[in-house]
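Breakdown of the fold
Chain by chain, the residues run as shown.
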Amino acid sequence: MDTSRLVAMRLPGFTAGRRATVCLDQPLLSSSSSCHHCRRRRRSGCSAGSSSRSGGSLPPRRCDPTPRGRLQRVQASAVERRHAYQLVGSRNEVVRVCVEETQASMAVTVRLRKSNSSGEMSLRWWILGGASGEVEVSQGMTGACEATKLAGNALVTPFSLEGGEFVVTLVLPRSEEPFSRFGFNPTYVHSGRPVLSRPRDHSFFGVPLGFYPGTPFPLGAHRVEGDWFNFTLLSDGPVAPKLHLFETTSGGKGEPCAYELELDPTVNRTGGVWHCALRVPGGVDAYALSLPETHPVHGYKVDEEMVADPFGDDVAHTKVPSGGEKICTVSLLPRGEGQGEDIEEEWEEDGPLHHTLSKTVVLEMDLRREDGDQDGDGGVFEAVETAAVGLEDSGVTALAVRGLLSEETLTSVTSVANGLGSSAMKRLVASLHRMDLELFVQLDCLKLQSVAKAPHLNEGKAIQSLKESLRFLVTEYHLDGIFFLHAEKLTHGDSGVVLDRPPIVEDLCNDPVLQSTKMVAVPFGSHLLPREGVRGFPHWGRWAEMNSRFVTDMQDLFLQDDRSKVDLTKVSMRLTGSADLFQRWENGSYHLFAERPPCYGLNSVSSMDGLPFSQQVEQGSKKAKFSDSIRWALITAAFASQGVPLIRLLDLSNENWAEELAVFSKLASFRECYSDLIQQPSFDAPRDLRWHGVDALAEPKWEMPPPAPLELPVGSPLEEPLACQVGELRYIGMSFWSESKLDAVYAGFNGNDTDVLVTLPEPQLGHRWVVVLDSGRLELSLTNESTAASPEYLMKPKSSILLVMQRP
């Protein structure tokens, strides 16, 4: 046996590029890492089990447990793999099993220490084939050892006594089924009665044949060396899961091959983690899992479903041999070195950008495939990169994309035809980072709960699954941030109870791997948050949050009927960063009342769980003709207010994309130039902020009730003054001034259905107000020439203006 064959294997806790060594010819479980003979030699100081070569010392070789003089001896030079197991019976008897694998056969040696039993001992054994667990015994199997007899549904072989131990060795020929289990019961006589030795929690002992215990980490499937893989999954149920291996019908020729194996709860389980290592048969390129569903009270299996590995790298949608005509989602095996395009050299130099959140401008894109779209074209990666190239010099600093990750697993990316989704993801991230663009991926917490098969995301198994998956995504793909859609699900516990301090949220806040990752909560129902969402998402001062109040209050200013009351106090709160949501409160719990900077709120035109703004305005309604003006007024508000502007791609028009992008770029450039006036590090930071009504010298009408409707004849001299008076109720303006008073910004928002004549603040001597954007006159923003604003500025209905003070 060549014990020098060492392989590299990824283990948690190691940084990129570091590897740990594991010897495949040695047991992968520490409890069985040495046999009785080796321990005896080490205690006596014998060095026969160790050797050294140039390049470092090797692990000590275990002595051959094969007894001397047996009739059927397995030649040591032919052994490809050896593994030892130590099992404990219900009467604390220790059973040691050694499995030696050769090209033509498998030798199984069972050892028991001599006990006080009287009479001879024998071994009842059989083979459990594949995942079906069918018992395989036949007359032809009696040749496995001399004196073996067929007895009903089992084979019986007598033990031989050697050196104070009962020993039996069976040589089993290779079968067409590469994976099976060896089941057995040692039988002895106690007080004149035959007794079957068995484990405490099972009716018989069992060891795997053709697959091995493996290691419990890392989660998912990982190539160890050549065709050897280590599979690990989470399942805390009492019933063993099954592993399915097959060749995808898209890549196979002729009848595709398929294999199934059921993991052994004795040797393939560590706590709630199931694991195994095996050599994948030729042609196999995909795998799936069957996670059994058990009865909640009695614990027996009631159903099982074939699913993709939640921690797999790549997924594909294909017909599998055991799935009939149904299209199943399967996981693809990780490719070996040299397969596919190699981007490792470029990838080693890449890393998250760590942009300051206060200077971030986010463009949100939803690129999920619709039903009926062909799978495997990799179009989503190309679409993101094409959009990024088109957004160059537009002012966008980050892309929040939904559709890059498969929503049927926890860590898989969207599948591509050649099974290189993970490589395509890395190339995309590296390309975006070269353009100085951050990448935020969007995860749906509803999907995460479904994939984790947990009643809620604060259940122990779900917490472990979510933490491990997020760590993998951040470290494997260098993600800059993560959006959590349906974030209210992160706060729910048993029976849907809202938890004031959700464990999963607190764990993610304190996780060292995620400490530099931007995490954004996007709840789709504030009433489902702790304390009915008065203080938003539980954050511990760490989480950013989608500001749904900004969307609601700013849309009310423009979309409510002219005669309905608008609370301008709320509008002013949204324009200054939503202090009621992010400012520190006294005498409150830290997880809800700690202060967050104003930049931790993301302001958008429309809600991410709703329709784009253009579809919210009813066609044919009075406000439909002002749709574009209102849309750009809301976008202006997002750029002129404290917080991070997040613009959905759906809120930009495709018909006039060049003009839309030009106006968008102008707003982004404005925010970058005047960020010191707009964005403050905290709510307590001093700054010169002034509020204006229609008359710049007066404040907005904060509390005035709407006037009663009056019937006025057309052309009445009171008609114009009344329109101006009513206009004051739905107009709010604000200006920011620098400490030197030489720089200033003015933003005004007219929610009325009529024109409003606004008096602007008096500029400094030698300065004037210049129009950056007038949503009612977009043509002014599409020229490179500066347009001066007169002291009295006529604003169009349902519009906004954005002005800066400059020298002529």
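This write-up is about the structure you can find in this document. Computed from a predicted model, the values in this text were never measured in an experiment.

**Overview of the sheet that holds strand 5 (residues 81-88)**
Sheet architecture is open: 5 strands sit in the order 5-6-7-13-12, paired in antiparallel fashion. The open sheet terminates on both sides in strands that have one partner only, identified here as strand 5 and strand 12 (160-162). Neighbour-to-neighbour, the strand axes of this sheet turn through a mean angle of 25°, independent of strand direction. With 8 bridges connecting them, strand 5 and strand 6 (residues 94-101) associate as antiparallel partners. Across the sheet, residue leucine 87 finds its bridge partner in strand 6, namely valine 95.

**Digging into unusual backbone geometry**
Cis geometry marks the peptide bond from phenylalanine 217 to proline 218, where omega comes out at 0°. Mapped onto the elements of the fold, proline 218 is located in the loop between strand 17 (211-212) and strand 18 (220-225). Phi is positive for aspartate 436, close to 65°, though the residue is something other than glycine. Checked against the element boundaries, aspartate 436 lands in the loop between helix 4 (421-434) and strand 30 (438-444). Even without a glycine there, the phi angle at histidine 478 is positive, about 55°.

**Some details on the sheet that holds strand 35 (residues 644-648)**
Taken in spatial order, the 8 strands of this closed barrel run 28-29-30-31-32-33-34-35, and their pairing is parallel. In this sheet, neighbouring strand axes are inclined to one another by 25° on average, regardless of whether the strands run parallel or antiparallel. Summarising the sheet, strand 30 and strand 31 (residues 481-485) pair through 5 bridges and their orientation is parallel. Across the sheet, residue valine 441 finds its bridge partner in strand 31, namely isoleucine 482.

**Concerning the pairing of strand 20 (residues 242-246)**
When you tally the buried positions in strand 20, you get 5 out of 5 residues, the bulk of the element. Where burial is concerned, the two faces of strand 20 agree: the one with Lys242, His244 and Phe246 and the one with Leu243 and Leu245 are both buried. In the sheet, strand 20 pairs with strand 21 (residues 258-262) via 5 bridges, with the strands oriented antiparallel. Note that in strand 21 the partner of leucine 245 across the bridge is tyrosine 259.

Cut-offs applied
- Residues numbered from 1 in each chain as written.
- Predicted model: local features only at pLDDT ≥ 70, side-chain atom pairs only at ≥ 80, totals over all residues.
- Heavy atoms only, no water.
- Pairing = 2+ DSSP bridges.
- Helix = DSSP H or I, 4+ residues; strand = E, 2+ residues; numbered from the N terminus.
- Axes fitted to C-alpha atoms, helices over the stretch in contact; angles between N-to-C directions.
- Buried < 20%, exposed > 50% of the residue type's maximum accessible area, 1.4 Å probe, protein only.

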